[in-house]
Amino acid sequence: MKHDNHTLDAIIVGAGFSGLYQLYCLREKLNHKVKVLEAGGDVGGTWYWNRYPGARCDSESHTYCYYFDKHLLEEWSWSERYPGQAEILRYLNFCAQKLDLKKDIRFNERVTEAEWDANSQLWHVKTQTGQTFIARFLITAVGCLSSANMPDIDGLSDFKGEIYHTGQWPHDTVDFEKKTIVVIGTGSTGIQAIPEIAKYAKKLYVLQRTPNYSVPARNRPLSRDFHSAFIEDIDSWRSKMLESRHGHPWIAPDRQVRKTSAEERYRIMEAAWEHGGLSFRESFDDVLLDEESNNIMSEFIRQKIMSTVHNVKTAKKLLPKDHPFGTKRPPIDTNYFETYNLEHVHLIDVRQNPIASCSSAGIILTDDTKIEADMIVFATGFDAMTGALQKMNIKGRDGLKLAEAWLAGPQTYLGLAVPKFPNMFTITGPGSPSVLTNMPRAIEQHVDWITDLLRHMVQRGYSKVEAREAAANEWTEHVTDVANKTLLPKANHSWYLGANVPGKPRVFMPYVFGLNHYRNHCDFIAVSGYQGFLITE
Ligand code: NAP
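On a predicted model such as this, the values are computed, not experimentally measured, just so you know.

With respect to the sheet that holds strand β13 (residues 355-358)
Thought 1: If you walk across this open sheet you meet the three strands as β13-β14-β15, and the pairing is antiparallel. At either margin of the open sheet sits one strand with a lone partner, and together these are β13 and β15 (370-372). Taking the axes of each pair of neighbouring strands and ignoring which way they run, one obtains an average angle of 25° across the sheet.
Thought 2: Sheet topology places strand β14 (residues 362-365) next to β15; three bridges connect them, and they run antiparallel. When the bridges of β15 are listed, I364 appears paired with K370.

Below, the structure written as structure tokens:
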């Protein structure tokens, strides 16, 4: 594409898994002039920010990595079944160095504004440091869970102790020894952090609003033999992941909980529990479709909690009852429920007795209970899927703000593009399978698809592409329809629905129908000449 020396072909926002791969593809396959703008001081995205104790991915290591380059797969060997945060950061640095990516990344450049200029048909992107970058395409690679959700607690600024949010964890060591610590939140993050913090704290108060289902991760070291066997079999791993709904290398068998005898299903669930990890949910294929089946599985987990936690009162408080298993993102854990057997760990139900305010000494609950603390850790999640996009103050055609366009909920075509926002792509955006999948598989699919579309445009001399409004409306309706055929919208407080952030529209955001079906559909759109997009010179 033709432009002056200052104008880029593309600006990519974010240097996590998606931004790095998108940079590689545009630079190496299309010879595009590209810059990545990254708010953090290095590569890593979510793994750069989420350094809280216990941070670990729940996709298995040899699947939670790039598959587009055989050398990267061969040369990197993972040390544990699930990759820890520090190891993932080392891995992404290794990839960035092998592919020579950092030279095109501007670190510590947080995007504060991006505006489409109709005259020049270019994006003008401003950053916190006062720089402006100009490009034909704007590609957001900001992750789905990167805008921290910090509850608005009266008096929090008066608290004299330390305050942390798990999603903005400091780079320096945080010392828990001899301290009384409050952790707020029992989602995947809290469930990982609580056992680790409990190892060092003098006293730990867990403030739980919604009890959660959690399945043991059964993490373990991986041997060199595992790596060699994996390398021998890469193609089979890849095809299993591509055929599956979630991008993990397992497929739910054609087997329903309700239609399996009580004895047999107990045997299956027990074996899956022992194996550990997210595949527990895939032991049957009707868990998210049939309430009665789901309840049987949910009850199995509730019994496991009752038999793990010694104090019956505490165990009962930990039983999830207000949502079906799997309708909130299911955490996997290492000794989470066991942690409540430690004498210095106390569970407080803040659904029954909500947090009222904060004083200089700690948290005050509605019944005036005072919890004095040296530190408060917020494991309160994210303004998921739309938060980071809206924070960038993106303006499309006629100055339309993305926040205005999405007032009633995100409206996208394929989760990839937004009408009235020409030449903008949203990697793993709302309306795509993203967070319901093993992310690197969803990311590689999106990046490959965007790259193919840009190649298609270069080859034909086109310079502008925009999703048609009718196509986006139809897609957004379809996203809602398929979600409503499952139990997923039944979790009242789920971030999938935006229900965790006060005032956020309640819309089921990820695409439920499966990464396999979604990929086929995107491929069909491409071969049909990019139906639903207006592509012009
Ligand atoms: P989350 O699932 O949204 O959990 C936030 C927790 O904070 C919930 O227990 C929530 O209660 C509670 N909370 C929020 N506001 C509160 C308030 N004002 N008062 C009291 N409690 C409050 O967030 P997350 O745990 O950070 O996880 C987000 C997602 O990140 C996960 O679902 C997963 O997709 C991803 N993640 C993945 C991994 C991994 O790969 N292993 C690890 C961590 C996170 P309610 O439920 O009542 O809202």
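A few points about the pattern of salt bridges
Pairing of side chains with opposite charge becomes possible as their charged atoms draw close.
Thought 1: Under the criterion given, the structure shown has 28 salt bridges.
Thought 2: Taking the shortest distance from any N to any O, the salt bridge between R56 and E80 comes out at 3.1 Å. Placement of R56 in the loop between α2 (46-49) and α3 (70-75) and of E80 in the loop between α3 and α4 (85-98) is noted, with a sequence separation of 24 residues between them.
Thought 3: On the basis of relative accessible area, R56 is assigned to the partly exposed category, the value being 26%.
Thought 4: K490 is paired through a salt bridge with E291; the nearest N and O atoms lie 4.0 Å apart.

A short note on the site of the ligand
Thought 1: Surrounding the ligand, one finds 24 residues, the nearest of these being R56, T189, R209, T210 and K328.
Thought 2: Taking S188, its main chain carries an N or O atom lying 3.1 Å from an oxygen atom of the ligand.
Thought 3: In this structure, a nitrogen atom belonging to the ligand sits 3.1 Å away from a side-chain N or O atom of Q192.
Thought 4: Contact with the protein chains hides 89% of the accessible area of the ligand, taken as 900 Å² for the molecule alone.
Thought 5: Examining the composition of the shell around the ligand, we find that three residues originate from one element, helix α5 (residues 188-198), more than from any other.
Thought 6: Two domains each donate at least three residues to the shell around the ligand, and these are domain 1 (8-147 + 384-536) and domain 2 (156-224 + 241-378).

Scoring rules and cut-offs
- Residues numbered from 1 in each chain as written.
- Predicted model: local features only at pLDDT ≥ 70, side-chain atom pairs only at ≥ 80, totals over all residues.
- Heavy atoms only, no water.
- Pairing = 2+ DSSP bridges.
- Helix = DSSP H or I, 4+ residues; strand = E, 2+ residues; numbered from the N terminus.
- Axes fitted to C-alpha atoms, helices over the stretch in contact; angles between N-to-C directions.
- Salt bridge = Lys/Arg side-chain N within 4 Å of Asp/Glu carboxyl O.
- Buried < 20%, exposed > 50% of the residue type's maximum accessible area, 1.4 Å probe, protein only.
- Near = heavy atom within 4 Å.
- Polar contact = N/O pair within 3.5 Å; in protein donor to acceptor, adjacent residues only side chain to side chain.
- Areas by Shrake-Rupley, 256 points an atom, 1.4 Å probe, with all protein chains shown as cover.
- Domains from an automatic or database assignment.

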